[in-house]
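# Geometric and topological summary
The lines below spell out each chain.
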Amino acid sequence: MFVERASTSGELVMIGKTRDAVYRNALQPLMNYEIFEDLSLQVDYNPGAPTARIFGRLVHVIGANDVKSENKIRGMTCVGAYVDEATLLPETFWDMLRTRMRAPGARIFATTNPDAPTHWLREKFIDDPEVRRSMKVFSFELDDNIHLTADYVEETKRMYSGLFYRRFILGEWCVAEGAVYSMFDPNRHVVDIVPAIERWITLGVDYGTANPLHAVLVGLGTDGRLYVTSEWRYDGRASMHQLTDAEYSEQIRGWLSTLRPPGALTTGVHPAFVVVDPSAASFIQQLHRDRLTPHPADNSVLDGIRTVSSLLATGRLLIHRSCTELIKEIQSYAWDSKAALLARTSPSSSTTTAWTPCGTRSRPPSPCGATGSRRWPDATAAEQHRLAAHRPVRADGPGRLGRLVLQRPRPPRSQLHRPWLP
């Protein structure tokens, strides 16, 4: 065990995008007696705490979610570091960490899923012959993990397709290209009849001034699937009249009040959450004043795409046929091949609608269990630069399917009345 034998002349650190990520991905499994038996008793950690105890040694638990995080380890002398999901760390933090490994016998142990082949970790370290001589690199596919059951492996494979299948299942460092949602099939994912809705989970609102405002309603059906039942859109540019925040709120509330859920005798839908682009601060305040429950969306682009891809691949997200703009956007959403060559993954500018899944998680809990307790802060400028390598193309403006919010341009008013009824 490295921790037991490590020199006491330096500190031990465990690093991830957040402390919660380190706990969830590393410390929690280590403390599971069913997995590690008596060894699990040598690990002591309280979630959220800055330090842990492993074999009696103090271990610092550090989150590195932006370029400023390197300040957290400046001046340290480290003898051992464990890095969870290294490709998610800022390059500046990684460079600083390498300079901190000053104690005799210092080692860095890092794990990660593959990213773009032009990612700095691969280009500057894994593929550099000079640097590679001081490293040991091991690559695995999902099938190589003998501790996973066959059922789990097959279920996991069904959850991913395209880019994410190649990276997370096959372990390939591959470029994002082609359609973002290549698994989307109108014959499979577009429905004419929606079952009874057990819970109206969210109304996703993509606020626009120069671009259209687009809202999408998502509910959890009695069959355990998520349904996008209706969409609403207002294009101030096309109508030659821009609405105020108060007018937008009034229009949306009026639209919700006219919707009749499947099987219901009365009209009116009350979603548990209204998820809004965090940049629309004044609109969020207006919704608060109008007694709605707005929550700022999490704009982590790649996480949103991954969650939506998984839901589509497993048939857990279906869309009513009346949501014509959303359906068009999903099918036209593509990776930007030019950006991919520059280590960025951006959506192609050829997309002609306002659909962009900018993340998977809003501040409220995930309705489908796909996100767990994960919390992702709003992307910093540096993170946006990194995620550009995985950002789908958008044209008119951002959308927000990620957090099961789907915000895209809305159809004419004639299409907005009880659209999911047979």
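Residues numbered from 1 in each chain as written. Predicted model: local features only at pLDDT ≥ 70, side-chain atom pairs only at ≥ 80, totals over all residues. Heavy atoms only, no water.

Tallying secondary structure elements over the protein chain gives 16 helices and 15 strands in all. In the protein chain, of all internal contacts separated by at least 6 residues, the share reaching a separation of at least 24 is 70%. Summed over its atoms, the accessible surface of the protein chain is roughly 19,600 Å², and 51% of this surface lies on carbon and sulfur atoms. (Helix = DSSP H or I, 4+ residues; strand = E, 2+ residues; numbered from the N terminus. Contact = heavy atoms within 4.5 Å. Areas by Shrake-Rupley, 256 points an atom, 1.4 Å probe, with all protein chains shown as cover.)

Here we come to helix α4 (residues 91–100). All of the buried residues along α4 are Phe93, Trp94, Met96, Leu97 and Arg100. Seen along its axis, α4 keeps its buried residues to an arc of 165°; they face one direction. Residues of α4 that are buried make contact with β1 (11–16), β4 (57–63), β5 (78–83), β6 (107–110) and α5 (120–126). (Buried < 20%, exposed > 50% of the residue type's maximum accessible area, 1.4 Å probe, protein only. Arc of directions from axis to C-beta.)

This part covers the pattern of salt bridges. Counted by the stated rule, this structure contains 12 salt bridges. Of the charged contacts, one joins Glu130 and Arg133 as a salt bridge, the two residues approaching to 2.4 Å between their closest N and O atoms. Of the two residues examined, Glu130 and Arg133, each falls in the exposed class. For Glu325, the salt bridge is made with Lys328, and the minimal N-O distance between the two is 3.3 Å. Of the two residues, Glu325 and Lys328 both sit in helix α14 (residues 324–332), 3 residues apart, roughly one turn of that helix. (Salt bridge = Lys/Arg side-chain N within 4 Å of Asp/Glu carboxyl O.)

Structurally, the position occupied by Val276 is in strand β11 (residues 273–276). According to the relative accessible area criterion, Val276 is buried, its value standing at 0%. Residues contacting Val276, with those up to four places away along its chain left out, are Val205, Phe283, Ile284, Leu287, Pro294, His295, Pro296 and Ala297.

Below, the discussion takes up the pairing of strand β8 (residues 197–206). By the criterion of burial, β8 is predominantly enclosed, with 8 of the 10 residues buried. Both β8 and strand β9 (residues 213–221) contribute to a ladder of 8 bridges, which runs antiparallel. Across the sheet, the residue bridging to Val205 is Ala215, located in β9. Hairpin geometry of β8 and β9 is characterised by an intervening segment of 6 residues between the two adjacent antiparallel strands. Note that β8 and β11 share 4 bridges and pair parallel. The residue of β11 that forms the bridge with Gly204 is Val275. (Pairing = 2+ DSSP bridges.)

What follows concerns the sheet that holds strand β12 (residues 294–296). If you trace the 7 strands from one edge of the open sheet to the other, you get β7-β13-β10-β9-β8-β11-β12, paired in mixed fashion. The open sheet terminates on both sides in strands that have one partner only, identified here as β7 (190–191) and β12. Direction of pairing for β9 relative to strand β10 (residues 226–234): antiparallel, over a ladder of 8 bridges. Looking at β10, one finds that His214 is bridged to Arg233.

Quick look at unusual backbone geometry now. With a phi close to 50°, Glu37 is a non-glycine residue in the positive phi region. Structurally, the position occupied by Glu37 is in the loop between α3 (33–36) and β2 (43–44). The phi torsion at Arg291 lies on the positive side, around 65°, for a residue other than glycine. Relative to the elements of secondary structure, Arg291 occurs in the loop between α12 (281–289) and β12.

Let us look at the packing of helix α11 (residues 245–258) against α12. Contact pair α11 / α12: the axes reach a minimum separation of 9 Å and the direction vectors enclose 50°. The angle between α11 and α12 falls in the class oblique. Two packed elements cross with a definite hand, and for α11 against α12 that hand is right-handed. Each of Asp245, Ala246, Tyr248, Ser249 and Ile252 in α11 lies in contact with α12, whose residues at this interface are Ser282, Phe283, Gln286 and Leu287. Of the residues contributing to the contact of α11 with α12, the split by class is 5 nonpolar, 3 polar and 1 charged. (Axes fitted to C-alpha atoms, helices over the stretch in contact; angles between N-to-C directions. Parallel < 35°, antiparallel > 145°, perpendicular 65-115°, else oblique. Left-handed = near helix turned anticlockwise from the far one by under 90°. Nonpolar A, V, L, I, M, F, W, Y, C, P; charged D, E, K, R; others polar.)

Take the confidence of the model for the protein chain next. Where the model shows low pLDDT, its predicted coordinates should not be examined in detail. The pLDDT averaged across the protein chain works out to 80; a share of 79% of its residues lies at or above 70. The secondary-structure element of the protein chain with the lowest mean pLDDT is helix α16 (residues 381–387), recorded at 41, while β1 shows the highest, at 97. Note on residues 349–422: pLDDT under 50 across the span, and 297 contacts to partners over four residues away in sequence or across chains. (pLDDT = per-residue confidence, 0-100.)

Looking now at the nonpolar core. Grouped together as the largest cluster of nonpolar side chains are 29 residues, with contacts concentrated most on Tyr181, Phe184, Val228 and Ile319. Secondary structure elements with two or more residues in this core: α8 (162–168), β9, β10, α13 (301–313), β13 (317–320) and α14. In terms of residue count, α13 provides more of this core than any other element does, 7 residues in total. Judged by nonpolar contacts, the second largest core, of 27 residues, contains Tyr207, Tyr234, Ile252 and Phe283. (Core = buried A, V, L, I, M, F, W, Y, C linked by side-chain atoms within 4.5 Å.)

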